[in-house]
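# Inside the fold
Given next are the chains, with one letter for each unit.
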Amino acid sequence: MKEQSVTPAGAIGIFDSGYGGLTVLSEIRALMPAYDYIYLGDNARAPYGNRSFESVYQFTLEAVEWFFNRGCHLVILACNTASAKALRTIQQINLPALDPQKRVLGVIRPTAECVAILSQSRHIGVLGTEGTIQSGSYEIEIGKLHPQLSVTGEACPMWVPLVENREYDKPGADYFVKQHLDHLLARDPQIDTIILGCTHYPLLMNKIIHFVPDNVRVIAQGEYVAVSLREYLLRHPDIEGKCTKKGSVQYFTTESPEKFNQQASLFLNEEIEAHKTTLEKR
Ligand code: DGL
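Residues numbered from 1 in each chain as written. Predicted model: local features only at pLDDT ≥ 70, side-chain atom pairs only at ≥ 80, totals over all residues. Heavy atoms only, no water.

Moving on, we come to the pairing of strand E1 (residues 12-16). The element E1 is extensively covered by neighbouring structure, given that five of its five residues are classed as buried. Residues of E1 alternate between two faces, with Ile-12, Ile-14 and Asp-16 on one and Gly-13 and Phe-15 on the opposite face, all of them buried. The pairing of E1 with strand E2 (residues 37-41) spans five bridges and is classified as parallel. In the sheet register, Gly-13 faces E2, and the bridge partner there is Ile-38. Where E1 and strand E3 (residues 74-77) come together, four bridges link them in parallel fashion. Among the inter-strand pairings, Gly-13 is bridged to a residue of E3, identified as Val-75. (Buried < 20%, exposed > 50% of the residue type's maximum accessible area, 1.4 Å probe, protein only. Helix = DSSP H or I, 4+ residues; strand = E, 2+ residues; numbered from the N terminus. Pairing = 2+ DSSP bridges.)

Laid out in structure tokens, this is it:
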């Protein structure tokens with residue numbers, strides 16, 4: 001049976017494999033509180049980071065269709081792995097067939113845009129999931145916009161599980177955080193700017209800052225994605241006009257809503273009430 005739409009038409013959709021996208025949602029809401037938002041975490045199938053291209057693409061497409069069925073005209077993939085592995089295909093192949101008037105945007109391009117002004121040494125480090133780093137998406141996007149920058153990527157496969165399992169502020173996380181930072185900085189000691197290319201990683205920020213030298217700046221992408229979205233809406237009044245503005249947020253998860261509520265409150269510093277949903281095609 002097809003699920004009934006329970007949300008007002010025209011909210012902005014925010015998607016992540018799990019909780020990480022909440023760090024982006026927070027920044028977007030802080031900048032643009034008037035809009036309505038629907039957040040969807042595919043927690044039942046998270047993490048996406050070490051899944052194949054085909055799986056990430058399939059899961060992300062299902063999520064995009066889910067948002068469209070709820071009246072969203074604009075969907076933000078607040079997930080680097082989905083942005084790296086699925087966004088281009090969805091934009092070029094699926095959107096024209098699904099609805100050419102709707103839009104799906106990612107988080108890699110807005111982050112790549114901001115990075116040049118932040119680095120003095122012109123050496124950038126990117127931390128992300130296996131999927132994001134293997135895709136080379138940051139090198140490609142930064143290379144297009146700022147060919148003078150050197151980009152070194154480091155996959156941190158243990159970091160998302162540390163966050164999803166609430167170990168991100170525990171002493172056991174130190175080993176895994178230090179290991180990847182040391183490795184990244186050994187590969188390019190001139191790095192002075194590190195991009196957190198995974199929306200889960202801001203939860204590890206305190207530990208990351210602790211293990212990098214003082215001259216290295218660590219960038220969480222949420223605020224850049226928020227500014228970029230605001231500029232996008234200003235440049236595209238047609239899309240902006242299709243976004244409802246009652247200041248509401250609804251949360252959906254493909255896993256247990258009780259667990260989502262508990263975890264999400266850590267990311268958001270507020271109590272929320274999530275609904276359960278399903279993405280797989282039946
Ligand atoms: N938070 C996501 C990202 O930005 C995905 C993490 C995962 O599911 O592995 O890449």
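Inspection of the region around the ligand gives 13 residues, with Ser-17, Tyr-48, Gly-49, Thr-81 and His-200 positioned closest. Between Tyr-48 and the ligand, the recorded distance is 2.7 Å, taken from a backbone N or O atom to an oxygen atom. Between Gly-49 and the ligand, the recorded distance is 2.7 Å, taken from a backbone N or O atom to an oxygen atom. Burial of the ligand by the surrounding chains reaches 99%, relative to a free accessible area of 300 Å². Each residue belonging to the shell around the ligand can be placed in one class, and the counts come to five nonpolar, seven polar and one charged. (Near = heavy atom within 4 Å. Polar contact = N/O pair within 3.5 Å; in protein donor to acceptor, adjacent residues only side chain to side chain. Areas by Shrake-Rupley, 256 points an atom, 1.4 Å probe, with all protein chains shown as cover. Nonpolar A, V, L, I, M, F, W, Y, C, P; charged D, E, K, R; others polar.)

Our focus in this paragraph is the packing of aromatic side chains. Throughout the structure, instances matching the rule amount to twelve aromatic pairs. Where Tyr-48 meets Phe-59, the ring centres are 5.5 Å apart and the plane angle is 50 degrees; that geometry is what we call tilted. Pair noted here: Tyr-48 is in the loop between E2 and helix H2 (53-69) and Phe-59 is in helix H2, with a separation of eleven residues, a long-range link. Comparing Tyr-48 with Phe-59 shows no difference in burial state: the two are buried. Over the face of the ring belonging to Phe-59 we find Arg-45, whose NZ or CZ atom lies 3.7 Å from the ring centre. In this structure, Arg-70 is placed above the aromatic ring of Phe-252, and the distance from its NZ or CZ to the ring centre is 5.4 Å. (Phe/Tyr/Trp six-rings, centres within 6.5 Å; stacked < 30°, edge-to-face > 60°. Lys NZ or Arg CZ within 6 Å of the ring centre and 35° of its normal.)

Two strands in a sheet stick together by hydrogen bonds in their backbones, pointing the same way (parallel) or opposite ways (antiparallel). Within the open sheet, the four strands sit side by side as E6-E5-E7-E8. Their pairing is parallel. Edge strands, defined here as strands with exactly one partner in the open sheet, are strand E6 (150-155) and strand E8 (217-220). The average angle at which neighbouring strand axes cross in this sheet is 25 degrees, direction not considered. Pairing geometry for strand E5 (residues 123-128) and strand E7 (residues 193-196), over four bridges, is parallel. Paired with Leu-127 across the strands is Leu-196, a residue of E7. Seen against the sheet, helix H9 (residues 173-187) touches E5, E6 and E7 and runs at an angle of roughly 150 degrees to E6. (Axes fitted to C-alpha atoms, helices over the stretch in contact; angles between N-to-C directions. Contact = heavy atoms within 4.5 Å.)

Here we come to the environment of Ala-30. When you line up the elements, Ala-30 lands in helix H1 (residues 21-31). With relative accessibility at 62%, the residue Ala-30 sits in the exposed group. The sequence separation of Ala-30 and Asn-50 amounts to 20 residues, and the corresponding C-alpha distance is 31 Å.

Let us now look at the pairing of E8. One ladder, built from four bridges, connects E7 with E8; its direction is parallel. In the strand pairing of E8, Ile-195 is matched with Ile-219.

Here the focus is the nonpolar core. Ranked by size, the top nonpolar core spans 54 residues in total, and within it Leu-22, Trp-159 and Leu-233 carry the most contacts. Not counting the four nearest positions on each side in its chain, Leu-233 is found in contact with Ile-12, Met-32, Tyr-35, Leu-74, Ile-239, Glu-240 and Cys-243. Grouped together as the second largest cluster of nonpolar side chains are 26 residues, Ala-11, Ala-86, Leu-87 and Phe-252 included. (Core = buried A, V, L, I, M, F, W, Y, C linked by side-chain atoms within 4.5 Å.)

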